[in-house]
Amino acid sequence: MRWWDIDPVLRMERELFPEDAWSRGMFWSELAHARGPGATRRYLVAEEDGHVVGYAGLVTSGEQADVQTIAVARDHWGTGLGARLLTELLHAATDFECTEVLLECRVDNTRAQRLYERFGFEPIGFRRGYYQPGNVDALVMRLTDPSTSVPGTERGTENHG
C-alpha cells in the first residue's frame, strides 16, 4: 500500500465498516511505519483492472505480529482473495521473524473466523465492547509459528506494497 492507495482504501473501509471505519490519519500513520530499515508494519492492496479490491495490514513488535485489518470488496467475496491477503501477511510475519500472530475479529463475523481457523488460528479470549460505537465484542485469535501455517497457497498474489 502506498499513499495514493489511501483514498480508494478509505472508500472500501467506509462501505465495509461504516460504524468503525479507520480514518485517513490512521492509514497515514500506519504507512509511516511501513518503510525503511526500522519498519514494523506491512500494508498491501490487491487490485483488479486498476481498482483496489482488497487490502490488509500487519504490525509487529518483537516476535509478535498483529493482523490489523483485512478487507475484500463485497463483489470479490468467495474468490479466495481474503486467503491470499492473509497468506501475504503471514509471509510478512515470517519475514519479520515473528513466532506468533494475533488478531481480533468481530464475534458476529463467522465468515472471517472460518478463514482464520483454516490457517490454524485458535480462539484465546474476548475483548468486551472492542468495536465501537456498536459495542460489539471481539474474539481474540492466535496463530503460533506462521511460517508453517499457510494452507496450500503460493506466494505472489496480484497485490503491490
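Residues numbered from 1 in each chain as written. Predicted model: local features only at pLDDT ≥ 70, side-chain atom pairs only at ≥ 80, totals over all residues. Heavy atoms only, no water.

Regarding the packing of helix α1 (residues 6–16) against helix α2 (residues 24–32)
- For the pair α1 and α2, the least separation of the axes is 10 Å and the interaxial angle reads 130°. By the angle between their directions, the pair α1 and α2 is classed as oblique. Note that α1 runs across α2; the crossing there is right-handed. Of the residues in α2, those touching α1 at I6, D7, V9, L10 and E13 are R24, F27, W28 and L31. (Axes fitted to C-alpha atoms, helices over the stretch in contact; angles between N-to-C directions. Helix = DSSP H or I, 4+ residues; strand = E, 2+ residues; numbered from the N terminus. Parallel < 35°, antiparallel > 145°, perpendicular 65-115°, else oblique. Left-handed = near helix turned anticlockwise from the far one by under 90°. Contact = heavy atoms within 4.5 Å.)

Considerations on the environment of E100
- When you line up the elements, E100 lands in strand β4 (residues 100–106).
- As a C-alpha pair, E100 and F121 span 21 residues in sequence and 9.9 Å in three-dimensional space.
- Once residues lying within four places of it in the same chain are set aside, the contact partners of E100 are E63, Q64, A65, R142, L143, T144 and P146.

As for the packing of aromatic side chains
- Within the structure shown, the criterion is met by six aromatic pairs.
- Between W22 and F27, the ring centres sit 4.9 Å apart and the planes meet at 45°, which makes this aromatic pair tilted. The same class applies to W22 as to F27, namely buried.
- Just above the ring of Y131 sits the side chain of R106; from NZ or CZ to the centre is 5.6 Å. (Phe/Tyr/Trp six-rings, centres within 6.5 Å; stacked < 30°, edge-to-face > 60°. Buried < 20%, exposed > 50% of the residue type's maximum accessible area, 1.4 Å probe, protein only. Lys NZ or Arg CZ within 6 Å of the ring centre and 35° of its normal.)

Considerations on the UniProt feature "domain: N-acetyltransferase" (unreviewed entry) in the chain
- Under the UniProt annotation, the feature "domain: N-acetyltransferase" (unreviewed entry) is placed at residues 1–146.
- The span residues 1–146 shows a helical share of 30% and a strand share of 37%, and its end C-alpha atoms are spaced 22 Å apart. (UniProt positions renumbered as here; feature names shortened; annotations may be inferred.)

Concerning the pairing of strand β5 (residues 122–131)
- Here β5 runs beside strand β6 (residues 136–144); their pairing, made up of six bridges, is antiparallel. Each bridged residue has a counterpart across the sheet, and for G125 the counterpart in β6 is V140.
- A loop of four residues connects β5 with β6, the two strands running antiparallel in sequence, and N135 in this loop sits at a positive phi of about 60°. (Pairing = 2+ DSSP bridges.)

A look at helix α3 (residues 81–95)
- Across its 15 residues, α3 extends 21 Å between first and last C-alpha, which sits within 8% of the 21 Å expected from 1.5 Å per residue.
- Across the 15 residues that make up α3, a large majority, twelve, are buried. (Expected span 1.5 Å × (residues − 1).)

Let's talk about the pattern of salt bridges
- All chains considered together, the criterion is met by eight salt bridges.
- With a shortest N-O distance of 3.3 Å, R74 and E15 are connected by a salt bridge. Of this pair, R74 sits in the loop between β3 (64–72) and α3 while E15 is found in helix α1, placing the two residues 59 residues apart along the sequence.
- With a relative accessible area of 42%, R74 lands in the partly exposed category.
- Looking at E15, the relative accessible area reads 46%, which means it is partly exposed.
- R41 is the partner of E30 in a salt bridge, and the nearest nitrogen-oxygen pair spans 3.0 Å. Here the residue E30 occupies a position in helix α2, and R41 occupies one in strand β1 (residues 41–48), the gap between them amounting to eleven residues.
- Among the ionic contacts, a cluster of salt bridges with common partners joins D20, R106 and D108. (Salt bridge = Lys/Arg side-chain N within 4 Å of Asp/Glu carboxyl O.)

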